[in-house]
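Residue-level structure breakdown
Each chain, written out:
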Amino acid sequence: MTNKVTKAIFPVAGLGTRFLPATKSIPKEIMTLVDRPLIQYAIDEAREAGITEFIFVTARGKSALEDYFDRAPELEAALRLAKKQAQLDELRRTDMDSGAIAYIRQRDPKGLGHAVWCARRLVGDEPFAVILPDDVIAGQTGCLRQMVDAYAETGGNMVAAMKVPPAQISSYGVLAVKSDMGALLPASGMVEKPRAEDAPSDFAAIGRYILRPEVMRTLDTAQAGSGGEIQLTDAIAAQIRDHDNVFGYRFKGQRFDCGSKAGFLQATVAFGLAREDLRDEFGAYLSSLNAASHAAE
Ligand code: G1P
């Protein structure tokens, strides 16, 4: 079996209730950091990693996502007429080739493991990536690129991992690790959302995975776990038990939890400051806020 990873699953069926009322009519994946939707960051990261087939697991009410990746002939014509080349180029980046992108419906919200399993026929007998667009990771080299390179060397299942403070560990899938070998963390177990006192380590799973096709076979018969949902974490834990072939991957980069409002705001500030066209004006504004709050103390 090839170690080349060309397919990625994007689970985007969630209701996004934490961002109501905005998510009443727009999918949360379309919400923007500066001027680009969350999903665009995920797609760009996947492309950089060599992904050529993009599989979206969607649900009712998410059709705006499909339109986002389609062509926009009227808009293109208007921009061409106005000679707005930069905007045209930006628009083209959102364009996906016919056949590169596929949409699968998850009919009922049964959990992340179930969402991934919905894509089983498109994935077939190949390794595949999973990207959770809520986790936005900024860095020189994209997180998935780093993982694909590591996977080409080691061939095991890989879960992006980072240390989180004890008070936050119960929000994550948590790895038990055999040893701390720099970037690669050979795993001896994985549990979904343990209580802080039961967590096997402070290494949390972050939303990037490279998984072998056996994970789909495990999901074929998966039972509900934490929160009454079919958990991807449980299927990965089964690989550890049966094949001992799972690694945490400690990526380089800064991760933002855009599934939370505070994380989304932090990402907005960081990405705003990283933009050449905004840095001066936005940076000056933030400094003025800082100065004002010190003056008030
Ligand atoms: C999901 C996974 C969890 C992982 C997290 C990363 O949880 O189930 O294992 O640690 O993503 O963001 P969720 O945030 O969807 O509850």
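For the structure, check the block above.
Residues numbered from 1 in each chain as written. Predicted model: local features only at pLDDT ≥ 70, side-chain atom pairs only at ≥ 80, totals over all residues. Heavy atoms only, no water.

Overview of the site of the ligand
What counts is decided by this rule: Here a residue is considered near a molecule or strand provided that any single heavy atom belonging to it is located within 4 Å of it. Counting of polar contacts relies on pairs of N or O atoms within 3.5 Å, with two restrictions inside protein: one atom must be capable of donating a hydrogen and the other of accepting it, and residues adjacent in sequence are counted only when both atoms are side-chain atoms. Each accessible area value is a Shrake-Rupley result obtained with a 1.4 Å probe; residue values ignore everything except the protein chains displayed when judging cover. Comment: elements are numbered from the N terminus, with helices defined as DSSP H or I runs of at least four residues and strands as E runs of at least two. Residues are grouped as follows: Ala, Val, Leu, Ile, Met, Phe, Trp, Tyr, Cys and Pro are nonpolar; Asp, Glu, Lys and Arg are charged; every other residue, Gly included, is polar.
Not every one of the 13 residues close to the ligand is listed here, only the nearest: D135, G173, E192, K193 and A205. Between the ligand and D135, the relevant distance is 2.8 Å, taken from an oxygen atom to a side-chain nitrogen or oxygen of the residue. Taking E192, its side chain carries an N or O atom lying 2.7 Å from an oxygen atom of the ligand. For the ligand, the protein covers 74% of the area, taking 380 Å² as the surface of the free molecule. Ranked by the residues each element gives to the shell around the ligand, the list is headed by strand β11 (residues 203–211), at three residues. A per-class count over the shell around the ligand returns five nonpolar, four polar and four charged.

A short note on the packing of aromatic side chains
Let me state the cut-off plainly: What counts as a ring pair is set by centres within 6.5 Å for rings of Phe, Tyr and Trp (its six-membered ring), and what kind of pair is set by the plane angle: stacked under 30 degrees, edge-to-face over 60, tilted for all other angles. Think of it in three bands: residues with accessible area under 20% of the maximum for their type are buried, residues over 50% are exposed, and the middle band is partly exposed, with areas taken using a 1.4 Å probe on protein chains only. For a ring to carry a charge above it, either NZ of a lysine or CZ of an arginine must fall within 6 Å of the ring centroid while also lying within 35 degrees of the normal to the ring plane.
Summed over all chains, the structure comprises eight aromatic pairs. Their ring planes at 80° and their centres at 5.0 Å tell us that Y68 and F69 sit as a pair that is edge-to-face. For the pair formed by Y68 and F69, the shared burial category is buried. By the ring-pair criterion, three or more aromatic residues cluster together here, those being F10, F54, F56, Y68, F69 and Y103. The lysine or arginine in question, R36, covers the ring of Y41, its NZ or CZ lying 4.5 Å from the ring centre. A cation over a ring is seen here: R120 above W117, with NZ or CZ 3.7 Å from the ring centre.

Notes on the nonpolar core
The following threshold applies: Definition used in this section: a nonpolar core is a set of buried Ala, Val, Leu, Ile, Met, Phe, Trp, Tyr and Cys residues joined via side-chain atoms within 4.5 Å. Only heavy atoms matter for contacts: two residues are in contact if any of them lie within 4.5 Å across the pair.
Within the largest apolar cluster, 41 residues are counted, with the highest numbers of intra-cluster contacts made by F10, I39, F54, F56, F69 and M158. Here the element with the most residues in this core is helix α7 (residues 143–154); it accounts for six residues. Once you skip the residues sitting within four places of it in the chain, I39 turns out to touch F10, V12, E29, F56, L65, Y68, F69 and P133.

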